[in-house]
Amino acid sequence: MKIGVLALQGAFREHCLMLDGCGTTAVEIRKPEELDEVAGLVIPGGESTTIGKLMVEWGLMDKIKARVAQGMAVYGTCAGMILLAKEIIDSNQPRLGLMDIVVRRNAFGRQRESFEADMAVPEFGAEPLKAVFIRAPYIEQASQNVNVMARVHDKIVIARQDKMLVTAFHPELTKNDVIHKYFISMIKE
Amino acid sequence: MQQGTFRVKAGLAEMLKGGVIMDVTTPEQAKIAEEAGACAVMALERVPADIRAAGGVARMADPTIILRIMDAVTIPVMAKGRIGHFVEAQIIESLGVDYIDESEVLTPADDKYHIDKHQFKVPFVCGAKNLGEALRRIGEGAAMIRTKGEPGTGNVVEAVKHIRMVMSEIRQLQSLTNEEVFTFAKNIAAPLELVMEVKRLGRLPVVNFAAGGIATPADAALMMHLGCDGIFVGSGVFKSGDPVRRAKAIVSATTYYNDPKILAEVSRDLGEAMVGIDISTIADHERMQDRGW
């Protein structure tokens, strides 16, 4: 199975390595037509304003929306979560706006406040998940149709709506591939 | 919950990859950089070209300048402190800056020692001309490396020399047997464990950006081809004729470095590039790349 990783800016290399390690084939996506051959798309961490502007300028914004409407699964980490949110507090930056969530950017603080924490997520088994939060956002509000899967410090950091999954943190910076495997199972549903 | 771990420090650099970090001296310039798609800005009192022209001792920027730039943008903000000047670094950390550049662009404050960067919660980026220098800085706690190039010249040749040197040394290292690695580490004056790690990974253990002389979209794409993870543009944007267009063009060129058609498109009608300096006309004692130990 081919899974795209949006490779405009950010930590796309780490997602590719993780997906390849899970037995799928990662494909770097920089042009709209490259989306035609993939069953799912990962939008990596990076700078959401940079990625959003490049998506608009190089024609990826509309194409991704069209592919998601056709049933392509999407997983957004950190910046990817911001880009998938309908509402971004205090920002009018370009976005896909596909998920019924309200997101706050740099919500835990600046780099000084970035942190790692162990997190229990029932859906992903008994073993706690090591989560790395870097200038991370969180979900301030989620609609009824959004499945809230985990919180840290009482803030929503994993959520799913239909075939869209978001995490505020970076599993690709650890060795734990449980979330990538979950995303692959979502694609197959 | 743990803060200031090496994973968190190096992790921010991972998020900056494939992006462009731009030198800015005012909140207005910072907003232009953010609008153009910069993934971070470097808050400075003067860009390297002006530091070079002014001469004298170059120091950390006034905290007011850094704070005003932090207020103006939502992207990460970096700031420079002098080599070895750990008090400047403490001051910058206390402001809440996201990355500190222990930089040869400023006049060194210590002629023998760099800062013990492990003592800080905020991550550091440092310049390097070769593998040994890069690994010494990482050993001291740097979570990100950049080529030194020759700052403020608009001439990419030194940055090319430095990334080619690092990549060539990594390839050489990978061909060595273990007993040869011990002597290799001694010869490049780098910590053995880090040399072993580079041999295993086939790359530096942290992100490595290009810096020092990048002035055009083609320069940025060249550095990405040679193995850099992203681009610092110092004087190249705001010393050019049309900073907005040039900044946007360099951002696109860094993403699409492998596509000459797109590079041609974004390189059109950019106005005057910054005036460049031939490296051979710079006296030895004025070469910033020779600062650092």
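Here the structure is a predicted model, which is why all the values come from computation and not from measurement.

Draft legend 1. Representation of a nonpolar patch on the surface. Residues and elements named next belong to chain B. Taken together, Phe86, Val87 and Ile91 make up a surface patch of nonpolar side chains, about 240 Å² in accessible area. Mapping Phe86 onto the fold places it in helix H5 (residues 86-95). Judged by relative accessible area, Phe86 falls into the partly exposed class, the value being 49%.

Draft legend 2. Just unusual backbone geometry, in detail. Residue and element names in this part refer to chain A. The backbone of Asp154 shows a phi angle near 75°, a positive value even though the residue is not glycine. The residue Asp154 is located in the loop between strand S10 (147-152) and strand S11 (155-161) in this model. The exposure class of Asp154 is exposed, given its relative accessible area of 65%. Positive phi, close to 50°, is recorded for Asp162, a residue that is not glycine. Within the element layout of this structure, Asp162 appears in the loop between S11 and strand S12 (164-167).

Draft legend 3. Region of interest: the sheet that holds strand S5 (residues 99-103) of chain B. All names here are of chain B. Strands sit in the order S8-S7-S6-S5-S4-S3-S2-S9 across an open sheet of 8 strands; the sheet is parallel. The open sheet terminates on both sides in strands that have one partner only, identified here as strand S8 (207-209) and strand S9 (231-233). Taking the axes of each pair of neighbouring strands and ignoring which way they run, one obtains an average angle of 30° across the sheet. Of the strand pairs in this sheet, strand S6 (residues 124-128) and strand S7 (residues 144-147) are connected by 4 bridges, and their pairing is parallel. In the strand pairing of S7, Cys126 is matched with Ile145. Running over the sheet, helix H6 (residues 131-139) touches S6 and S7 and is turned about 160° from S6.

Draft legend 4. Representation of helix H3 (residues 60-69) of chain A. All names here are of chain A. Every buried residue of H3 is listed here: Leu60, Met61, Ile64, Arg67 and Val68. Each buried residue of H3 lies within a common arc of 135° when the element is viewed along its axis, so the set occupies one face. Counted as exposed and oriented over 90 degrees from the buried face of H3: Asp62 and Ala69. Just past H3, the residue Gly71 takes up positive phi, approximately 110°.

Draft legend 5. The arrangement of the pattern of salt bridges in detail. Across all of its chains, the model carries 34 salt bridges over all chains by this definition. Notably, a salt bridge pairs Lys80 of chain B with Asp101 of chain B, separated by 2.8 Å at the nearest N-O pair. Here Lys80 of chain B, found in strand S4 (residues 77-82), pairs with Asp101 of chain B, found in strand S5; they are 21 residues apart in sequence, far enough to count as distant. This pair shows no difference in class: Lys80 of chain B is buried, exactly as Asp101 of chain B is. The salt bridge partner of Glu104 of chain B is Arg146 of chain B, with a shortest N-O separation of 2.9 Å. Of the two residues, Glu104 of chain B is situated in the loop between S5 and S6 and Arg146 of chain B in strand S7; the sequence distance between them amounts to 42 residues. Judged by relative accessible area, which is 2%, Glu104 of chain B ranks as buried. Connected through salt bridges with shared partners, the residues Arg13 and Glu14 of chain A together with Glu14, Lys17 and Asp229 of chain B form a single ionic network.

Analysis parameters
- Residues numbered from 1 in each chain as written.
- Chains lettered and ligands numbered in written order.
- Predicted model: local features only at pLDDT ≥ 70, side-chain atom pairs only at ≥ 80, totals over all residues.
- Heavy atoms only, no water.
- Patch = residues over 30% accessible without salt bridge, like charges linked within 9 Å, V, L, I, M, F, W, Y side chains within 5 Å.
- Areas by Shrake-Rupley, 256 points an atom, 1.4 Å probe, with all protein chains shown as cover.
- Salt bridge = Lys/Arg side-chain N within 4 Å of Asp/Glu carboxyl O.
- Helix = DSSP H or I, 4+ residues; strand = E, 2+ residues; numbered from the N terminus.
- Buried < 20%, exposed > 50% of the residue type's maximum accessible area, 1.4 Å probe, protein only.
- Pairing = 2+ DSSP bridges.
- Axes fitted to C-alpha atoms, helices over the stretch in contact; angles between N-to-C directions.
- Contact = heavy atoms within 4.5 Å.
- Arc of directions from axis to C-beta.

Bear in mind that shape data such as this cannot, by itself, settle questions of function.
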